[in-house]
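Structure assessment
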Amino acid sequence: MKLKIFNLNCWLLPPPISAENNKRIEEIISLVNHTRPDVIMLQEVWLNKYVNKFKNGLQNYSFIATEGKSFNKSGLLTGLKIPYSSHKINFFNHVKGYNVIEKIASKGYHLIHISKDIYLINTHLYAPIKSSNRKITKLQFNLLKKFSKDKKVILAGDLNLEEKDLSQLNNTFNYKSHGIYTSVQSNKYHKTRLNKLSHEKNKKLDYVLVKEKMKYTVREKVLKSPVVSDHLTIITNIKI
């Protein structure tokens, strides 16, 4: 099996919190059409109208989302060209220390069972405002590790874990640093709107991870251009 995975935190918060949303959606759709992935893993697609723009612009994909009246709970949007046998949307428990914004966002993960007993997970983990709340992010990553222990899993998303934290926590997925950040100061959206309050430095926060002991080869590329969000796009080719 060969899979090309497109992963991006889209930064599609309701305006005016984020910038140029409609323009960037069209650019993301164009980038998807250009790169032609089998699977699209998107985070921070918060409003139903944005979900519908992706659905209308990418009609050759089947999409998974949690649309309410106007809000896509969790902000996750997964698109697939490949067949799948089942999917489930799970939400993380709100433990002590959860801030109000994260409670409203109700983050979680899409769990998708595809052929050959392989699972895909699209997720967006807790974004800690206080350093003491990094334990919540780590707790959520450990939950995904526990699920993946005896299964073949490909995990993608914004993990809100820098590489040093991931290396300390991770004993389940293969990951080798290539020294390329996904949140960078040179990104024109890095210090736009509310981002200027939180983005202090270059960081690697977004990943496509493959479960250890799976027989596979992987080639990952972080696209420095075009810039379509405050995070950079990851294109990962996996052969299983």
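Residues numbered from 1 in each chain as written. Predicted model: local features only at pLDDT ≥ 70, side-chain atom pairs only at ≥ 80, totals over all residues. Heavy atoms only, no water.

Moving on, we get to the pattern of salt bridges. Inspection of the entire model under this criterion finds 6 salt bridges. A salt bridge links E102 to K107; the shortest N-O distance between them is 3.0 Å. As far as burial versus exposure is concerned, E102 and K107 are alike and both buried. One salt-bridge network, held together by shared partners, links E20, K23 and E27. (Salt bridge = Lys/Arg side-chain N within 4 Å of Asp/Glu carboxyl O. Buried < 20%, exposed > 50% of the residue type's maximum accessible area, 1.4 Å probe, protein only.)

Moving on, we come to the packing of aromatic side chains. A complete count under the given rule lists 8 aromatic pairs for this structure. Ring geometry for W11 against Y189: centres 5.6 Å apart, planes inclined by 50°, an arrangement best described as tilted. With W11 in strand β1 (residues 2-12) and Y189 in the loop between β9 (173-174) and β10 (206-211), the pair connects residues that are 178 residues apart, well separated along the chain. Summarising the burial analysis for this pair, W11 and Y189 share the class buried. Between W46 and F71, the aromatic rings sit 5.9 Å apart at their centres with planes inclined by 5°, giving stacked as the arrangement. (Phe/Tyr/Trp six-rings, centres within 6.5 Å; stacked < 30°, edge-to-face > 60°. Helix = DSSP H or I, 4+ residues; strand = E, 2+ residues; numbered from the N terminus.)

With that out of the way, let us pick up the pairing of strand β2 (residues 39-45). Most of β2 sits out of view: 7 of its 7 residues are buried. Of the strand pairs in this sheet, β1 and β2 are connected by 6 bridges, and their pairing is parallel. Counted as the bridge partner of L12 is V45 from β2. The β-α-β motif built from β1, the intervening helix α1 (residues 21-35) and the parallel element β2 has right-handed crossover chirality. (Pairing = 2+ DSSP bridges. Right-handed = clockwise from strand over helix to strand, strands pointing away.)

Turning our attention to α1. Between its first and last C-alpha, α1 extends 21 Å over 15 residues, near the 21 Å set by a 1.5 Å rise per residue. Listing the buried residues of α1 in full gives N21, R24, I25, I28, I29, L31, V32 and T35. One face of α1 carries all of its buried residues, which in axial projection span an arc of 160°. Along its buried surface, α1 packs onto β1, β2, α2 (48-57), β11 (217-223) and β12 (233-239). Positive backbone phi, at 55°, marks R36, one or two positions downstream of α1. (Expected span 1.5 Å × (residues − 1). Arc of directions from axis to C-beta. Contact = heavy atoms within 4.5 Å.)

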